[in-house]
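# Fold and geometry: a report
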Amino acid sequence: MWKMAKIQRTLVVLKPDSVGRSIVGEIISRFERTGLHIAAMKMLQPSKDFFYYHYETIGTMISRRGEKAFNRQLNTMMKMPVIAIIFEWVEAVEYVRKLVGSTEPKAAAPGTIRWDYAHMSFDYADEVDIGVPNLVHASGSVEEAEKEIAHRFKKEEIFDYKPLHHAFTR
Ligand code: IDP
Ligand code: MG
C-alpha cells in the first residue's frame, strides 16, 4: 500500500463562472501543477434540491451566512453547468482551501485562485443580488469533504491509481 494516512481526497467544484468564462483548463492546471491529482471528474447541471443538500444540509450555510445569501447562491449555481473534481494528495483538504483563497475575492490573498481570477466584493454581489462569483468550491474540512464526495460520486466513479510523480515521494 503506497498511500499514507495523510493522503486525503477533497471536492472541488468549478462553478458556473469558471465554466462560463472558459477558464476550466487554466484553473485545473493550478491544482495539478502542485502535485494534486484527479481521482474523479464530471460535468453536470444539478437541481436546486441537489445544491440545497450541498450548501445547507452539508454546508450549514443558512446559519452561517443568512437565508438571503443562501438563496442567491443557489440561483447563481444554477446558471450554467459545473464541473466536479476530486483531487487527491497530502493533506489535500487544507491545502486546496489555501490555493483557492478566502470566500470574498476582494479579501483573498494575491496568488490564490479567487484573487487571481476575480475582483468582486460581498457588498457588490449583494447589491446586484448574486452569490459572489469566486470560481471554485472547495471542501472546508475533512468531514465536509467526505460528505460532499459521497453526495456526488459513486464508488466506481472514483479512481485509485499512483501518479508517476509519486516515484519521487518514497
Ligand atoms: P466557501 O465557499 O468559501 O466555503 P461558504 O460560506 O461555504 O464559503 O459560502 C458558499 C458560497 O456562497 C461562497 O463560496 C460564495 O460564492 C457564496 N457566498 C457566501 N456568503 C456570501 C455573501 O455574503 N454574499 C454573496 N455570496 C456569498
Ligand atoms: Mg463552504
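Quick look at the structure, then. Not measured: the values here are computed from a predicted model.

### So, the site of ligand 1
Taken together, 15 residues surround ligand 1, and among them R64, R65, R97, T103 and N134 come closest. The contact in question runs from an oxygen atom of ligand 1 to an N or O atom on the side chain of R64, over 2.8 Å. Look at ligand 1: alone it shows 540 Å² of surface, and the protein chains cover 94% of it. Breaking the shell around ligand 1 down by element, the ones donating at least two residues are α4 (61–65) and α8 (122–127). Here the element with the most residues in the shell around ligand 1 is α4; it accounts for three residues. By residue class, the composition of the shell around ligand 1 is five nonpolar, four polar and six charged.

### A word on the packing of helix α3 (residues 48–58) against helix α5 (residues 67–77)
Between α3 and α5, the shortest axis-to-axis distance is 10 Å and the interhelical angle comes to 130 degrees. The angle between α3 and α5 places the two elements in the oblique class. Along this stretch, α3 crosses α5, giving a crossing that reads as right-handed. Between α3 and α5, the contacting residues are K48, F51, Y52, Y55 and E56 on the first element and F70, Q73, L74, N75 and M77 on the second. When the residues that make up the contact of α3 with α5 are grouped by side-chain class, the tally is six nonpolar, two polar and two charged.

Cut-off values and rules
- Counting of residues starts from 1 at the beginning of each chain's written sequence and follows it residue by residue.
- To label them, take the chains in the order written and letter them from A, then take the ligands in the order written and number them from 1.
- Local features in this predicted model are restricted to residues of pLDDT 70 or higher, and side-chain atom pairs are both shown and tallied only at a pLDDT of 80 or more, whereas totals for entire chains, interfaces and linings draw on every residue.
- The side-chain numbers reported here are obtained from all heavy atoms of the structure, hydrogens and water having been left aside.
- The near set for a molecule or strand comprises every residue that places at least one heavy atom within 4 Å of it.
- Any pair of nitrogen or oxygen atoms within 3.5 Å is treated as a polar contact; in protein, a donor-acceptor pairing is required on top of that, and neighbouring residues in sequence qualify only through side-chain atoms on both sides.
- Computed with the Shrake-Rupley method and a 1.4 Å probe, the accessible areas treat only the protein chains shown as cover for residues.
- A run of H or I in DSSP counts as a helix once it spans at least four residues, and a run of E counts as a strand once it spans at least two, with each numbered from the N terminus.
- Each residue gets one label: Ala, Val, Leu, Ile, Met, Phe, Trp, Tyr, Cys and Pro are nonpolar, Asp, Glu, Lys and Arg are charged, and the others, such as Gly, are polar.
- All axes are obtained by fitting lines to C-alpha atoms, using only the stretch in contact for helices, and the reported angles, taken between N-to-C directions, cover 0 to 180 degrees.
- Oblique is the label for any angle not covered by the other classes, which are roughly parallel (under 35 degrees), roughly antiparallel (over 145) and roughly perpendicular (65 to 115).
- In a left-handed crossing the near helix is turned counterclockwise from the far helix by less than a right angle, and in a right-handed crossing that turn is clockwise.
- Any two residues whose heavy atoms approach within 4.5 Å are treated as being in contact.

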